[in-house]
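A closer look at the structure
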Amino acid sequence: QGNEAEVAAFSVPSYACQRRTTLENHNTVLTDALSLLAENAELSEEDGRGVAFRRAAAVLKALPKPVASMTQLRGLPCLGEHSLRVIKDILENGASSEVESTKQSERYKALKVLTGIFGVGARTADRWIRDGIHNLRQLQDSGPTLNRAQQAGLEHYDDLNQPVSKSDADAIGEVVEKAVVSVLPGAHMTLIGGFRRGKLTGHDVDFLITHPEEGREVGLMPKLVSWLESQGFLLYQKTTRNSYLESKDGPARPASNMDRFERCFSIFKLTKEEKRGTKHPETLTENGTKPAGHKPWRAVRVDLVVSPISQFAFALLGWTGSKLFERELRRWAGHEKSMSLSSHALYDNRQSKYLRATSEEEIFAHLGLEFVPPSERNA
Ligand code: TTP
Ligand code: MN
Ligand code: MN
Ligand code: MN
């Protein structure tokens, strides 16, 4: 008797950027369920619902132990009626009927398979589904026109849907580092994204590149890509140039969350030799004689970003994630501090000026937040 009353209520601050969220999650059953509903909302282009479920999941990720009863959740932020219903269902019945039926729905399964193709987003997948395409077989049979990214995505579908390990990320890092210093001596490369937050696997590998002398980084990306291409490391690449300086609306408030650095979305060819950390033999390309069912390499999604040193701290913070942590930082900046944060700069609307920073620590300080290290940004 009185067990429920003895269970202390949890307390967490409202914004994910005020919390320390490690990879240790004591509520994976609940957060997996809410994340699935978030994903389903995003795939259905209902972004508002998606964010609401992501925020709810993030609150549960920050709890110090498993949720045992609904009473413990009283007063917690970001838990809306819908999320609370899902949590209650799981606590009482072991599963959420909404999550289970979503998971089994033909539409969700089709959206997952089709958006699992690199280059295919929610809108394209939805169009295909309305044309009766629900799986890869039907896609290949009915043959809608695929762009270059989607063709590559389909070709490397299995590899790209395998998680990337930290050791694969490190092996690729060695190659990219070597490429970076050969095309621009003195340039620096940093691992960003999920691996910087200490994740053991990822869906891709992300790198940020800069040079300590402002301006020296200009033109680096095409050279880097040529080097990697000439060595046979790229199965696909699309480079977009820096559009920050030339944009008309100025750097303060980017129209979207997409930043405007010079960047490259690529599919990297990781060979067994690179994995072992030995030299890349020129002979390893499979010229016509592909061994059936086995190949000595795998395809890995790699994102490269180049930033001028003056924006490096903002780029580092903006590309380390998690995506929700980034979103919450920007929400905090805007709503609580009347500032605009992007991956390029921090603008103070009250003082009408940019706030400089050369480290992530300085940016948190400008924002009036306690510093949260990358390993605790796993919201
Ligand atoms: P992702 O690589 O998509 O995510 P991740 O590395 O956190 O997770 P995973 O292990 O699944 O790869 O994005 C990394 C960060 O980069 C994320 O915080 C958001 C940021 N980002 C941008 O700022 N602009 C972009 O266009 C993209 C794609 C990402
Ligand atoms: Mn713990
Ligand atoms: Mn990543
Ligand atoms: Mn990425």
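Structure shown above.
Now for a quick tour of the structure. Note that the structure is predicted; figures quoted are calculated from it, not measured.

**Re the coordination of the manganese ion (ligand 3)**
Looking at the metal site, the manganese ion (ligand 3) is ligated by Asp204 (OD) and Asp206 (OD), spaced 2.0 to 2.1 Å from it. Between the manganese ion (ligand 3) and the manganese ion (ligand 4), a separation of 3.6 Å is found, and both are coordinated by aspartate 204.

**As for the site of ligand 1**
Around ligand 1 sit 16 residues, and of these Gly194, Arg197, His203, Asp204 and Lys323 come closest. One of the backbone N or O atoms of glycine 194 is found 2.8 Å from an oxygen atom in ligand 1. Separating an oxygen atom of ligand 1 from a side-chain N or O atom of aspartate 206 is a distance of 3.1 Å. Out of a free accessible area of 590 Å², ligand 1 has 84% covered by protein chains. Residue assignment for the shell around ligand 1 shows that the elements contributing at least two residues are helix 12 (193-196), helix 15 (312-320) and helix 16 (323-337). Split into classes, the residues belonging to the shell around ligand 1 amount to 2 nonpolar, 6 polar and 8 charged.

**Details of the sheet that holds strand 7 (residues 297-306)**
An order of 2-4-7-6-5 is seen for the 5 strands of this open sheet, with the pairing classed as mixed. Both edges of this open sheet fall to strand 2 (188-192) and strand 5 (234-240), since each of them pairs with a single strand only. The sheet shows a mean angle of 25° between the axes of neighbouring strands, direction not considered. Relative to strand 4 (residues 205-210), strand 2 runs antiparallel, the two being bridged by 5 bridges. For isoleucine 192, the partnering residue across the bridge sits in strand 4 and is aspartate 206. Along the sheet face, helix 9 (residues 148-155) touches strand 5 and strand 6 (262-271) and points at about 150° away from the line of strand 5. Against the sheet, helix 15 contacts strand 2, strand 4, strand 6 and strand 7, and its axis sits at roughly 30° relative to strand 2.

**Quick notes on the coordination of the manganese ion (ligand 4)**
Coordination of the manganese ion (ligand 4) by the protein involves Asp204 (OD), Asp206 (OD) and Asp303 (OD), with metal-donor separations of 2.1 to 2.2 Å. The sequence pattern describing where the donors of the manganese ion (ligand 4) fall on their chain is D-x1-D-x96-D.

**As for the nonpolar core**
Formed by 38 residues in total, the largest nonpolar core has its most connected members in Leu34, Leu60, Leu63, Leu73, Leu76, Ile117 and Trp128. Secondary-structure elements contributing two or more residues to this core are helix 2 (28-43), helix 3 (47-61), helix 4 (81-93), helix 6 (106-115), helix 7 (122-130) and helix 8 (136-142). Among the elements that take part in this core, helix 2 stands out by supplying 7 residues, more than any other. Once residues lying within four places of it in the same chain are set aside, the contact partners of leucine 60 are Asn25, Asn27, Leu30, Thr31, Leu34, Val67, Leu73 and Ile87. Listed in part, the 31 residues of the second largest apolar core include Val205, Leu220, Phe233 and Phe268.

**Examining helix 13 (residues 220-230)**
Among the residues making up helix 13, those that are buried are Leu220, Met221, Leu224, Val225, Trp227 and Leu228. All buried residues of helix 13 lie within an arc of 160° about the axis, which places them on one face of the element. As for helix 13, its buried residues are in contact with helix 11 (166-183), strand 4, strand 5, strand 6 and strand 7. Looking one or two residues beyond helix 13, the residue adopting positive phi is glycine 232, at roughly 75°.

**Observations concerning the pattern of salt bridges**
Counted under the stated rule, the structure contains 21 salt bridges. One salt bridge connects lysine 295 with aspartate 159, and the closest N-O pair in it is separated by 2.7 Å. Pair noted here: lysine 295 is in the loop between helix 14 (272-276) and strand 7 and aspartate 159 is in helix 10 (residues 157-160), with a separation of 136 residues, a long-range link. Among the residues examined, lysine 295 registers a relative accessible area of 30% and is labelled partly exposed. Between arginine 216 and glutamate 213 there is a salt bridge, with its nearest N and O atoms 3.5 Å apart. Salt bridges sharing common partners tie together Arg20, Glu370 and Glu376.

**Concerning the pairing of strand 6**
Most of strand 6 sits out of view: 9 of its 10 residues are buried. Two elements, strand 5 and strand 6, share 6 bridges in a ladder whose sense is antiparallel. Note on strand 6: the bridge partner recorded for threonine 240 is arginine 263. Inspection of the sheet shows strand 6 paired to strand 7 by 10 bridges, in the antiparallel sense. Directly across from phenylalanine 265, in strand 7, lies its bridge partner aspartate 303.

Rules used throughout
Per chain, residues are indexed from 1 in the order of the written sequence. Each chain gets a letter, beginning with A, and each ligand a number, beginning with 1, in the order they are written. The model is predicted, so local features are restricted to residues of pLDDT at least 70 and side-chain atom pairs to those at 80 or more, both for listing and for counting; the totals for chains, interfaces and linings are taken over all residues. Heavy atoms from the whole structure form the basis of all side-chain values; hydrogens and water molecules are not counted. We call an atom a donor if it is N, O or S and sits within 2.8 Å of the metal, or 3.2 Å for Na, K and Ca. Water is not counted, so some sites may look partial. We call a residue near a given molecule or strand whenever any one of its heavy atoms falls within 4 Å of it. By the criterion applied in these results, polar contacts are pairs of N or O atoms within 3.5 Å in which, for protein atoms, one can donate a hydrogen and the other can accept it, and in which residues neighboring in sequence qualify only through two side-chain atoms. Shrake-Rupley sampling with a 1.4 Å probe provides the accessible areas, and residues are treated as covered by the protein chains on show and by no other component. Helix and strand assignments follow DSSP, with helices taken as H or I runs no shorter than four residues and strands as E runs no shorter than two, numbered in order from the N terminus. Polarity classes work like this: nonpolar for Ala, Val, Leu, Ile, Met, Phe, Trp, Tyr, Cys and Pro, charged for Asp, Glu, Lys and Arg, and polar for all others, with Gly in that last group. Here the rule is simple: two strands pair whenever DSSP picks up at least two bridges between them. Lines fitted to the C-alpha atoms define the axes, with helices restricted to the stretch that makes contact. Angles between their N-to-C directions range from 0 to 180 degrees. Contacts between residues were defined by any pair of non-hydrogen atoms, one from each residue, lying within 4.5 Å. Put simply, a nonpolar core is a bunch of buried Ala, Val, Leu, Ile, Met, Phe, Trp, Tyr and Cys residues held in one set by side-chain atoms that sit within 4.5 Å of each other. Exposure classes here rest on a 1.4 Å probe applied to the protein chains alone. A residue is buried below 20% of its type maximum, exposed above 50%, and partly exposed in between. Here the arc refers to the set of directions running from the helix axis out to each C-beta atom. Within this document, salt bridges are pairs made up of a side-chain nitrogen of Lys or Arg and a carboxyl oxygen of Asp or Glu, the two lying within 4 Å of each other.

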